[in-house]
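Each chain, written out:
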Amino acid sequence: MHHGPLIAIVVAGLGLAFVFGAIAHKMRISPLVGYLLAGVAVGPFTPGFVADQNLANELAEIGVILLMFGVGLHFSLKDLLSVKAIAVPGAVVQIGIATLLGLGLGTLLGWNWFSGAVFGLALSTASTVVLLRSLQERRLVQTERGRIAVGWLIVEDIAMVLALVLLPVLAEIINGAPSGGSAPLATRFDLGVWGVLGLTFAKLIGFLAFMLVIGRRVIPWVLHWVAHTGSRELFRLAVLAVALGVAYAAASLFGVSFALGAFFAGMILSESPLSQRAAEETLPLRDAFAVLFFVSVGMLFDPGIILRAPAPLLGTLAIILIGKSVAAWMIVRAFGRSQAVALTISASLAQIGEFSFILAGLGTALGVLPAQGRDLILAGAILSILLNPVVFALAERLAPEAPAAKPKPVAPADAGEPEKAAAPEPQPAAPPERDITPTGLDNHIVVVGYGRVGSLLGAGLLSQGAKLLVIEDNPDAVATAKRDGAELLVGNAADPEVLSAAGVDRAVRLFVAIPGSFEAGQVCEQARAENPALPIVARAHSDAEVAHLTKCGATLTIMGEAEIARAMLSLCQNLRGTAAPAAVEPDVASEAAKPETVAALPAQKPPAEEPPANPPAAA
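Now for a description of the structure that goes with this document. The model shown is predicted, which means the values in this text are computed figures rather than measured ones. For every chain, the first residue of the written sequence is number 1, and numbering continues from 1 onward in sequence order. For this predicted model, a pLDDT threshold of at least 70 governs which residues receive local features, and a threshold of 80 or more governs which side-chain atom pairs are given and counted, while totals over whole chains, interfaces and linings are taken from all residues. By convention in this description, side-chain values take in all heavy atoms of the structure and omit both hydrogens and water.

### Side note on the overall build of the protein chain
Note the cut-off: In this text, helices come from DSSP runs of H or I with a minimum length of four residues, and strands from runs of E with a minimum of two, each type numbered from the N-terminal end. To sort residues, take the accessible area from a 1.4 Å probe on protein chains only and compare it with the maximum for the residue type: under 20% means buried, over 50% means exposed, and anything in between is partly exposed. A contact between two residues is defined here by any heavy atoms of the two lying within 4.5 Å. Reported accessibility uses the Shrake-Rupley method at a 1.4 Å probe radius. Residues are deemed covered only where the shown protein chains occlude them.
Of the regular secondary structure elements, the protein chain holds 27 helices and six strands. A total of 619 residues make up the protein chain; the buried ones form 48% of that total. Partitioning the contacts of the protein chain with sequence separation of at least 6, the portion at a separation of at least 24 is 73%. Only carbon and sulfur atoms are counted for the fraction: they give 66% of the accessible area of the protein chain, which is about 28600 Å².

Structural data, given as structure tokens:
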């Protein structure tokens, strides 16, 4: 059996992406750089194995579809509206300034004005992946500056989606040679330039109307029907079919890009209660094809551009690192925000990523962007992502509010006087430096994860008056915890800093309610290191997971399947009359909401409000 070029490119691409991505992660830089370098290694400009470029482009298209579908799934109009007063005008002005700077550099390089504008537009948008990673590492996602940065990027993404729609049409007009799409019909009826644009917008409006009127009803209905079949495999397949099918139909029937079709499919689905499950089910495949997309982009990069055109490359980097950053800083300051907020937004935008690659590839394919422009964009992306942590560190050193904001975590501990705690905060110039604030609770219970199990457990604990702190980073689960009234800490519980802020050294018990045994094991290890005597209760799905979590420091590990089987068996015993009702094992569903199930575990300082402990058998 002979292998073909498709298998070769998948194996080589994913294998080298893993190696280079792991090296990048070890060096504490974005793995995205490693994926791009993997593409350079298998590209035509470096010695050794050369992957099939045509197949790479086909795989990249699937990667683009799934990437844009993911962007649509996480698109939050609510988050955007909360910071719209600064994010919308700020992003639009910053895109305009970056485009003009790119146009100026392109003019100096001898390109026409349209090529320069496409070049500048590609430099104007930042990478969502890199931005979110940088904000998460610094605990800034839930702060004012984090919300502004994310909202700013949402506006940029919307602008880039519109650019992807208009670029083919404008390219046909500029080149004077129709390449398909709306142009043949416009040419047949001699509609001219405005006719082409009008027809394109008509198709776009038709697609949007179709998605909002029909897709908004059909897509959620189909997925709800599939979800009720109970087949996880069928549900995963349905989500992928929706993403790819809508993208293909958008391009074939309405003449819009794959990217726009996938984005709207994700955005329509984001309104459904199944959106979180859809995101989780498609994440592995989306990540795999996204990696192949970045590998295919890296294959286009000619490293020789660094030696052949050092001055244009420095100019490109200057636009990304200095031009965009200074423009963003000035805009944010003009809106009256603090120096710290302005510097954080500036550092967040001092890089380029996914949309830059898509625009560069599309512009080159349409003949409106020179190959040198594409190489400069790719080189600028790699170098700017490498330098982004340095830019963030410099911004943090220059922020004058940072030292003054350090004592602020003590203030929220005074929960008894909310009005006094809020009094010092009328000035927007002093946002919290981090979205992680140490708790003031003592003798409390910590629950890690507020999903199906954690939310039942937390609700039961709160109903009995327990002092509860929840650690969670999923937006939907965070909203549920807030609604239930639990004190909340947004972050990854495997981080020692997060557990320290949760006060596990003063806690009486820790429940690890997340399903993943690998991450749960990390949480147990970190908590055990923080508090050696802390009773830790974890959940598992197999005997191997039980052994792993016990080894990591869990005091008691409950295997859900075993508890369900015991409850079913006790029901059978009751029906046969072979066991007295008092000896029957408790119902698993109600047991999940009772703190008494682990009350017999040793604790340093049991809270006074906890009810009497049940016998150990109830655990």
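### So, the packing of aromatic side chains
Going by this rule: Stacked, tilted and edge-to-face pairs are distinguished by plane angle, under 30 degrees for stacked and over 60 for edge-to-face with tilted covering the rest, among Phe, Tyr and Trp rings (Trp via its six-membered ring) whose centres lie within 6.5 Å.
Going through the model one piece at a time under the given rule, you end up with four aromatic pairs. With a centroid separation of 5.2 Å and an interplanar angle of 85°, the aromatic rings of W111 and F119 are classed as edge-to-face. Under the relative-accessibility criterion, W111 is labelled buried at 12%. Members of the aromatic cluster, connected to one another through ring pairs, are Y35, F294 and F357.

### A few points about unusual backbone geometry
Non-glycine residue N443 carries a positive phi angle of around 55°. Tracing the sequence through the fold places N443 in the loop between α20 (418-422) and β1 (445-448).

### Some details on the pairing of strand β5 (residues 536-540)
For a regular strand, side chains alternate in direction, first toward one face of the sheet and then toward the other. As a reminder of what qualifies: The pairing criterion is simple: DSSP has to find at least two bridges between the two strands. Note on handedness: a crossover is taken as right-handed if, strands pointing away from the viewer, the path from the first strand over the helix to the second is clockwise.
The element β5 is largely enclosed, with a buried count of five among its five residues. Residues I536, A538 and A540 line one face of β5 and the alternating positions V537 and R539 line the opposite face, and both faces are buried. Sheet analysis places strand β4 (residues 509-512) next to β5, joined by three bridges and oriented parallel. Within β5, the residue paired with F511 across the bridge is V537. Following the chain from β4 across helix α24 (residues 517-530) to the adjacent parallel β5, one finds a crossover that is right-handed. Sheet topology places β5 next to strand β6 (residues 556-559); four bridges connect them, and they run parallel. When the bridges of β6 are listed, A540 appears paired with M559. For the handedness criterion, the β-α-β arrangement of β5, helix α25 (residues 543-552) and β6 is classed as right-handed.

### Remarks on the pairing of β1
Burial along β1 is two-sided: the residues I445 and V447 and V446 and V448 are all buried. As a crossover connection, the stretch from β1 through helix α21 (residues 452-463) into strand β2 (residues 468-472) is right-handed. Sheet topology places β1 next to β4; four bridges connect them, and they run parallel. Pairing of V447 across the sheet is with F511, part of β4.

### Some thoughts on helix α13 (residues 275-299)
In plain terms, the rule: To estimate how far a helix should reach, multiply one less than its number of residues by 1.5 Å. For a residue, the bend is simply the angle between two axes, fitted respectively to the seven-residue segment ending there and the seven-residue segment starting there.
In a regular helix each residue adds 1.5 Å, so 25 residues correspond to 36 Å; α13 covers 34 Å between its end C-alpha atoms and thus fits that length. A bend of about 50° at L283 is the largest found in α13, and the proline P284 appears one to four places after it.

### Looking at the sheet that holds β5
Note the following rule: Note on definitions: angles span 0 to 180 degrees between N-to-C directions of axes, and those axes are lines fitted to C-alpha atoms, for helices only across the stretch in contact.
Read across the open sheet, the six strands follow the order β3-β2-β1-β4-β5-β6; overall the sheet is parallel. The sheet is open, and its two borders are formed by β3 (487-490) and β6, each paired with just one other strand. Going from strand to strand, the sheet's axes swing by 20° on average, the running direction of each strand aside. Direction of pairing for β2 relative to β3: parallel, over a ladder of four bridges. Within the sheet, the bridge partner assigned to L469 lies in β3 and is E487. Lying on the sheet, α21 is in contact with β1, β2, β4 and β5; it crosses β1 at an angle near 160°. Across the sheet, helix α22 (residues 475-484) lies against β2 and β3, angled at about 160° from β3, the strand it touches most.

### A look at the nonpolar core
For clarity, the cut-off: Residue types Ala, Val, Leu, Ile, Met, Phe, Trp, Tyr and Cys, when buried and joined through side-chain atoms within 4.5 Å, form a set referred to as a nonpolar core.
Ranked by internal contacts, the top residues of the largest apolar core, which has 97 residues, are F293 and F357. Element by element, the count of residues in this core is highest for α13, at 11 residues. Beyond its immediate chain neighbours, meaning those up to four positions away, F357 contacts L32, L36, F293, F294, V297, L378 and A381. Core analysis: the next-biggest nonpolar cluster, separate from the first, contains 28 residues, L489, A502, A507 and A540 among them.

### Thoughts on the environment of F201
As for its placement among the helices and strands, F201 is situated in helix α10 (residues 192-229). Distance in space between the C-alpha atoms of F201 and L166 is 8.7 Å, their sequence separation being 35 residues.

### Details of the pattern of salt bridges
Filter applied, for reference: By convention in these notes, a salt bridge is any Lys or Arg side-chain nitrogen within 4 Å of a carboxyl oxygen on Asp or Glu.
Within this structure, the stated rule accounts for four salt bridges. Put simply, R374 and D375 hold a salt bridge, and the shortest N to O gap is 3.6 Å. We note that R374, like D375, is buried. Two residues, E563 and R566, come together in a salt bridge whose shortest N-O distance is 2.9 Å. Taken together, the residues E563 and R566, both in helix α26 (residues 560-576) and three residues apart, mark about one turn of the helix. Here E563 falls in the buried class, since its relative accessible area comes to 18%.

### Side note on the packing of helix α6 (residues 113-123) against helix α8 (residues 144-175)
The criterion, for reference: Each angle receives one of four descriptions, namely roughly parallel if under 35 degrees, roughly antiparallel if over 145, roughly perpendicular if within 65 to 115, and oblique otherwise. Working rule for handedness: look at the near helix, and if it is turned counterclockwise from the far one by less than a right angle, call the crossing left-handed; if clockwise, right-handed. All residues other than Ala, Val, Leu, Ile, Met, Phe, Trp, Tyr, Cys, Pro, Asp, Glu, Lys and Arg, Gly among them, are scored as polar; the first ten of these are nonpolar and the last four charged.
At a minimum axis distance of 12 Å, the contact between α6 and α8 shows a crossing angle of 165°. With respect to α8, the axis of α6 lies roughly antiparallel. For the element pair α6 and α8, the recorded crossing hand is left-handed. Along its contact with α6, which presents W113, F114, V118 and L121, the element α8 presents M160, A163, L167, L170, A171 and I174. When the residues that make up the contact of α6 with α8 are grouped by side-chain class, the tally is 10 nonpolar, no polar and no charged.

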